[in-house]
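Descriptive analysis of the structure
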Amino acid sequence: PAAPRNKGISIARGHVVALLDDDVLPDQDLLLTIARHHQQFPQLEECALGVAYVPESMKKEPVSVFHEFDYTALSHLEKASYIYFWTCNISFKRNFMLEHGMFDERFLYNEDIVCGHALHGAGMSLRFNANARGQHLHQLDLKNVPKKARFIGRWIWATTQEVRSREVLDRYGVLTPDL
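Attention in this report is confined to the structure presented alongside it. (Residues numbered from 1 in each chain as written. Predicted model: local features only at pLDDT ≥ 70, side-chain atom pairs only at ≥ 80, totals over all residues. Heavy atoms only, no water.)

Brief notes about the overall build of the protein
We count it as follows: Working definition: helices are DSSP H or I runs of at least four residues, strands are E runs of at least two. Numbering for both runs from the N terminus. Burial classification: accessible surface area is computed with a 1.4 Å probe over protein chains only, and a residue below 20% of its type maximum counts as buried, one above 50% as exposed, and the rest as partly exposed. Contacts between residues were defined by any pair of non-hydrogen atoms, one from each residue, lying within 4.5 Å.
Assigned secondary structure in the protein consists of seven helices and five strands. For the protein, the N- to C-terminal ordering of α and β elements is β-β-α-β-α-α-β-α-α-β-α-α. The buried share of the protein, reckoned over its 179 residues, is 41%. The contacts in the protein between residues at least 6 apart in sequence include a share of 76% that link residues at least 24 apart.

Overview of the pairing of strand β3 (residues 46-53)
As a reminder of what qualifies: One bridge is not enough; two strands pair if DSSP finds at least two bridges between them.
The buried fraction of β3 is high, at eight of eight residues. Direction of pairing for β3 relative to strand β5 (residues 125-136): parallel, over a ladder of seven bridges. Bridged to C47 within β5 is L126. Looking at chain direction, β3 and strand β4 (residues 89-93) are connected through three bridges and run antiparallel. Counterpart to L49 in the pairing with β4 is I90.

Description of helix α1 (residues 30-40)
This is how it is decided: This arc corresponds to the set of directions leading from the helix axis out to the C-beta atoms.
Buried within α1 are the following residues: L30, T33, I34, H37 and H38. Along the long axis of α1, the arc covered by the buried residues comes to 130°, so they all point the same way. Summarising the geometry of α1, the exposed residues directed more than 90 degrees from the buried face are L31 and Q40. Considering only its buried residues, α1 is in contact with β1 (16-20), β2 (24-26), β3, β4 and β5.

Some thoughts on the side chain of D27
What counts, and what does not: N or O atoms closer than or at 3.5 Å make up a polar contact, with two conditions inside protein: a donor-capable atom paired with an acceptor-capable one, and, for residues adjacent in sequence, both atoms drawn from side chains.
The residue D27 is located in the loop between β2 and α1 in this model. Side chain to side chain, D27 and Y53 meet in a polar contact 2.8 Å long. Apart from residues no more than four positions distant in its own chain, D27 is found in contact with Y53, R133, G134 and Q135.

Here we look at the nonpolar core
Put simply, the rule is: Buried Ala, Val, Leu, Ile, Met, Phe, Trp, Tyr and Cys residues that are joined via side-chain atoms within 4.5 Å together make up what is termed a nonpolar core.
Residues L49, Y84, F85, M124 and L126 are the most contacted members of the largest nonpolar core, which totals 32 residues. Only β3, β4, α4 (94-100), α5 (111-121), β5 and α6 (145-162) provide two or more residues apiece to this core. Discounting residues that sit within four places of it in the chain, Y84 has contacts with L49, F69, L74, I90, L126 and R171.

Some points on the side chain of N89
Within the element layout of this structure, N89 appears in strand β4. Look at N89 and you get buried, because its relative accessible area is 2%. Once you skip the residues sitting within four places of it in the chain, N89 turns out to touch L19, L20, L30, A48, L49, G50, V51, A52, A132, R133 and G134.

Notes on the sheet that holds β2
Defined as follows: The axes used here are C-alpha line fits, helices contributing only the stretch in contact, and every angle between their N-to-C directions lies in the interval 0 to 180 degrees.
Strand order in the open sheet made by the five strands is β1-β4-β3-β5-β2, with mixed pairing throughout. Every interior strand has two partners, whereas the edge strands, β1 and β2, have only one. Averaged over all neighbouring strand pairs, the angle between strand axes comes to 35°, with direction disregarded.

Here we look at α5
What α5 keeps buried is the set D112, I113, V114, C115, G116 and L119. Just downstream of α5 lies G123, where phi reads positive at about 100°.

Things to note about the packing of aromatic side chains
Keep this limit in mind: The rule is short: rings of Phe, Tyr and Trp, with Trp giving its six-membered ring, pair when the centres are within 6.5 Å, and they are stacked under 30 degrees, edge-to-face over 60, tilted in between. For a Lys NZ or an Arg CZ to count as sitting over a ring, it must be within 6 Å of the ring centre and within 35 degrees of the ring normal.
Scanning the model with the defined rule gives eight aromatic pairs in all. For the pair F107 and W155, a centre-to-centre distance of 5.6 Å together with 55° between the ring planes defines the contact as tilted. With F107 in the loop between α4 and α5 and W155 in helix α6, this residue pair connects regions lying 48 residues apart in the sequence. Summarising the burial analysis for this pair, F107 and W155 share the class buried. Between Y109 and F151, the ring centres sit 6.0 Å apart and the planes meet at 75°, which makes this aromatic pair edge-to-face. Of this pair, Y109 sits in the loop between α4 and α5 while F151 sits in helix α6, placing them 42 residues apart in sequence. Members of the aromatic cluster, joined through ring pairs, are F69, Y71, Y84, W86 and F128. Here the guanidinium or amino end of R133 rests over the ring plane of Y53, the centre of that ring lying 4.1 Å away. Positioned over the ring face of W155 is R154, at 4.2 Å from the centre of the ring.

So, in structure tokens, the structure goes:
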């Protein structure tokens, strides 16, 4: 029997990796949208940030409302900063990551932004793709908010020490003598 045809999607510059958090449920067309994005931008250094949205059914829980990110500002940019290299919904060329990135295993949080900084130094071009969508089913129990906040705060501080840039300080609002 004849091999199935790939419906015209080909990426000339190698394999594309789509990375989603374990609590992101991809929309039905997510992989096709990612493939089309990388077909349009086949350069090795091209990466795509997709949307991870909180579904309406979860917005009834007060803690979930604060977990949603407003992508409006990103939708107006031709290219996004490395501080938005979020593994919640990101895609990139495998070879570019192997050559210039990978995740720093010392980091338990913000490892994606630290990696994005390294990729930026190697010429990464990060584009926001509003059509690459997945439901972020992140659930946080109200009683665990203080513990989670301490955890995140520790890693935000570690990120500012590893990635010495005004962008990171501005993103997180961290007060340091560097300001």
